[in-house]
Amino acid sequence: MRYRERGQSPVPTVHAACVCCAEVQSNKEANVKRWPFRLEVLAELAADGVQVRNPEELERALAADSDLRAWWEYAEEVDDAPAVPSVFAYDLWRAQEAMHGFQCTGDKTALDVAVATWSRIVEHPVFSWAPTSFRLSALNDAGRALLRRYSALGRMDDLDRAIDLAQQATKLMPEDTDRPGGILNSLALSFHARFTRTGQHSDLEEAIRVWRQAVVATPPGSPDLPAILGNLGTGLRDLFTLTGREADLEEAIGVCRGAVEATPPDSPDLPGVLNNLGSGLRDRFVRMGLEGDLEEAIRVFQQAVEAALPNSPSRPMCFSNLGTALRCRFARTGREGDLEEAIRVFKQAVEAALPDSPDLPGYSNNLGTGLQDRFRLTGREADLHDRPQQR
């Protein structure tokens, strides 16, 4: 292919594409603007002497060349993305690359670059003149980057700015917005993060209200639905902790079951939604003492551990939750095997956590508690000095 590199200009191929495709020929100027990357693929076919006069001929041509098929699918994705004004093209690429780098490596410098670049985009003097679809996408992505940095560094100004951008995005949404649930989910996550930080009840109530809106706005089968349901379940569990209302906990468990059912078995989100369901069942066991809830919680947490990939950020939490449930069953039954297994998975949680993870002290504390239980049971002094190997 002559233009395989993403972002390379398709202009030299446009005339050939227009000649080879009758559909494009009917309105050259409009389609050149709308389908620049698809036209590039058509031009490649034209250069190879392949005539494409209708969708059937296109399908036959793509079926004969898997590489060309992959390029066409990429072209469809790029051409259908929000229009990017040229003034923002480089910064958009830089922000996305930096965010991808942070997600792959955890490099906080890359996260700083992403936040600074997104801020430059949304604060640019001509941003308000950009197409609505681009502004909506940029505001949402900028807010999520700030929320990620808040989670990593705990800067309150990042969280406040994330909420501001998410609110701007929500107000900007037209009625026919594609996947509105994802934008509403970002706003709710920001409110929930501030509730977790400050304990302000109104933020939790607003997060739950917005998550409910997101569920209504998201059709069954949408890839956004499992995460939205899981987050709503977490908010309802927090509300139960505040109010003690059993109805809130029952709704949380029901919503989390829905999230599990809506999540494909190979989804990277599956460990998280299983963790949410297991936590709800464990909470109900603590409240009502039903052994069936504890047994199901343990099974669900085991499934979460099995579903978590080796480098998944949710893997330490999966181990920790499973250990807590096993230790809970040990306290109820006195079975030493449960305590041994709890200590083993608590160690795995500590070993899997990043050295600067804010959750690491909690994982270490859980392990220490388990080791103290075993010391009281066996008198083995080594348990008082046991320290697992961290990353």
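> Break down the nonpolar core for me, citing the residues and quoting the values.
Of all hydrophobic cores here, the largest spans 89 residues; its most connected members are Trp 118, Ile 121, Val 122, Phe 127, Phe 134, Ala 138 and Leu 322. Among the elements that make up this core, the one with the highest residue count is helix H9 (residues 132–153) (9 residues). One finds Val 52, Leu 58, Ala 61 and Leu 62 within the second-largest nonpolar core, a separate group that totals 8 residues.

> Kindly report on the pattern of salt bridges, identifying the contributing residues and their values.
Here the structure, examined in full by the defined rule, presents 23 salt bridges. One salt bridge in this structure joins Arg 327 and Asp 373, with 2.5 Å as the shortest N-O distance. Taken together, the residues span a long stretch of sequence, with Arg 327 in helix H17 (residues 315–333) and Asp 373 in helix H19 (residues 360–378) at a distance of 46 residues. Of the charged contacts, one joins Arg 344 and Glu 341 as a salt bridge, the two residues approaching to 2.6 Å between their closest N and O atoms. With Arg 344 and Glu 341 both in helix H18 (residues 336–352) and 3 residues apart, this pair spans about one turn of that helix. By relative accessible area, Arg 344 is classed as partly exposed at 42%. The network of salt bridges with shared partners includes Glu 295, Arg 329, Arg 335 and Asp 338.

> How would you sum up the packing of H18 against H19? Please name residues and give values.
Remark: H18 packs on H19, axes separated minimally by 9 Å, with the N-to-C direction vectors making an angle of 150 degrees. The pairing of H18 with H19 is recorded here as roughly antiparallel in orientation. The two elements H18 and H19 cross, and the hand of that crossing is left-handed. Within the contact between the two elements, H18 uses Glu 336, Leu 339, Glu 340, Ile 343, Phe 346, Lys 347, Ala 349 and Val 350 and H19 uses Leu 360, Tyr 363, Ser 364, Asn 366, Leu 367, Gly 370, Leu 371, Asp 373, Arg 374 and Leu 377. Here the residues of the contact of H18 with H19 sort into 10 nonpolar, 3 polar and 5 charged.

> Before we move on, can you summarise the environment of Gly 280 with the specific residues and values?
Counting through the fold element by element, Gly 280 comes out in helix H15 (residues 270–288). Note: C-alpha distance between Gly 280 and Asp 293 (13 residues apart in sequence) is 9.1 Å. The contact partners of Gly 280, leaving out residues within four places of it in the chain, are Arg 237, Leu 249 and Ile 253.

> Please set out the confidence of the model for the protein residue by residue, giving values where relevant.
Residues shown with low pLDDT carry predicted positions that ought not to be read at fine detail. When the pLDDT values of the protein are averaged, the result is 83; 84% of them are 70 or greater. Here residues 1–34 scores under 50 on pLDDT; set against residues more than four positions off or in separate chains, the count is 54 contacts.

> Describe the packing of H17 against H18, and please don't skip the residues or the numbers.
A pair of packed helices is captured by two measures, namely the crossing angle of their axes and the spacing between those axes. As a packed pair, H17 and H18 sit with axes 8 Å apart at the nearest point and diverge in direction by 160 degrees. With respect to H18, the axis of H17 lies roughly antiparallel. For the pair H17 and H18, the crossing hand works out as left-handed. Between H17, through Pro 316, Phe 319, Ser 320, Leu 322, Gly 323, Thr 324, Leu 326, Arg 327, Arg 329, Phe 330 and Thr 333, and H18, the contact on the second element is made entirely by Glu 336, Asp 338, Leu 339, Glu 341, Ala 342, Val 345, Phe 346, Gln 348, Ala 349 and Ala 352. Looking at the contact of H17 with H18 residue by residue, the classes come out as 11 nonpolar, 5 polar and 5 charged.

> Summarise a nonpolar patch on the surface; cite the residues concerned and give the values.
A surface patch of nonpolar side chains, amounting to about 350 Å² of accessible area, comprises Val 87, Val 126 and Trp 129. As for its position among the elements, Trp 129 is in the loop between helix H8 (108–122) and H9.

> Outline H15, listing residues and values.
Helical geometry: 3.6 residues make up each α-helical turn, so side chains three or four residues apart lie on a common side. The terminal C-alpha atoms of H15, which comprises 19 residues, lie 27 Å apart, in line with the 27 Å expected from a rise of 1.5 Å per residue. When you tally the buried positions in H15, you get 15 out of 19 residues, the bulk of the element. Backbone geometry just downstream of H15 places Gly 289 in the positive-phi region, at approximately 75 degrees.

> How would you summarise the packing of aromatic side chains if you had to cite specific residues and measurements?
Both the distance between ring centres and the angle between the ring planes are used here to describe each pair of aromatic rings. Counted by the stated rule, this structure contains 4 aromatic pairs. Consider the rings of Tyr 90 and Trp 93, whose centres lie 5.7 Å apart with planes at 35 degrees: the pair is tilted. Taken together, the residues span about one helical turn, with Tyr 90 and Trp 93 both in helix H7 (residues 86–105) at a distance of 3 residues. Owing to a relative accessible area of 54%, Tyr 90 belongs among the exposed residues under this scheme. Pairwise contacts between aromatic rings join Phe 88, Phe 127 and Phe 134 into one cluster.

> Break down the environment of Gly 244 for me, citing the residues and quoting the values.
Its place among the elements puts Gly 244 in the loop between helix H13 (225–243) and helix H14 (246–262). Classification of Gly 244 by relative accessible area gives partly exposed; the value is 26%. Leave out the neighbours within four places in its chain, and Gly 244 touches Leu 239 and Arg 287.

Thresholds, definitions, all that
What you see as residue numbers is a count from 1 along each chain, following the sequence as written. Confidence filtering applies because this is a predicted model: local features only for residues at pLDDT of at least 70, side-chain atom pairs given and counted only at 80 or more, and all residues used for totals across whole chains, interfaces and linings. To obtain the side-chain values, all non-hydrogen atoms of the structure were used and water was disregarded. Only buried Ala, Val, Leu, Ile, Met, Phe, Trp, Tyr and Cys residues count toward a nonpolar core, and they belong to the same one when joined by side-chain atoms within 4.5 Å. Exposure categories follow from relative accessible area, calculated using a 1.4 Å probe and restricted to protein chains: below 20% of the type maximum is buried, above 50% is exposed, and the middle band is partly exposed. By the criteria applied, helices consist of DSSP H or I runs no shorter than four residues and strands consist of E runs no shorter than two, each listed in order from the N terminus. Salt bridges, as used here, are contacts in which a Lys or Arg side-chain nitrogen is within 4 Å of a carboxyl oxygen on Asp or Glu. Only the contacting stretch of a helix is used when fitting its axis, a line to C-alpha atoms as for every element, and angles between N-to-C directions run 0 to 180 degrees. Each angle receives one of four descriptions, namely roughly parallel if under 35 degrees, roughly antiparallel if over 145, roughly perpendicular if within 65 to 115, and oblique otherwise. Handedness of a crossing is defined here by the sense of rotation of the near helix relative to the far one, left-handed for an anticlockwise turn of less than a right angle and right-handed for a clockwise turn. The contact criterion used throughout is that any non-hydrogen atoms of two residues lie within 4.5 Å. Following the grouping adopted for this structure description, the nonpolar residues are Ala, Val, Leu, Ile, Met, Phe, Trp, Tyr, Cys and Pro, the charged ones are Asp, Glu, Lys and Arg, and the polar ones are all others, Gly among them. Values of pLDDT, which run from 0 to 100, indicate the predictor's confidence residue by residue. The patches reported here contain residues having more than 30% relative accessible area and no salt bridge. Joining distances are 9 Å for like charges and 5 Å for nonpolar side chains (Val, Leu, Ile, Met, Phe, Trp, Tyr). Here, Shrake-Rupley sampling with a 1.4 Å probe gives the accessible areas, and only protein chains in the shown set may cover a residue. One fewer than the residue count of a helix, multiplied by 1.5 Å, yields its expected span. Geometry of aromatic contacts follows a simple scheme: Phe, Tyr and Trp rings, the Trp one being its six-membered ring, pair when their centres are within 6.5 Å, and the pair is stacked under 30 degrees between planes, edge-to-face over 60, tilted otherwise.

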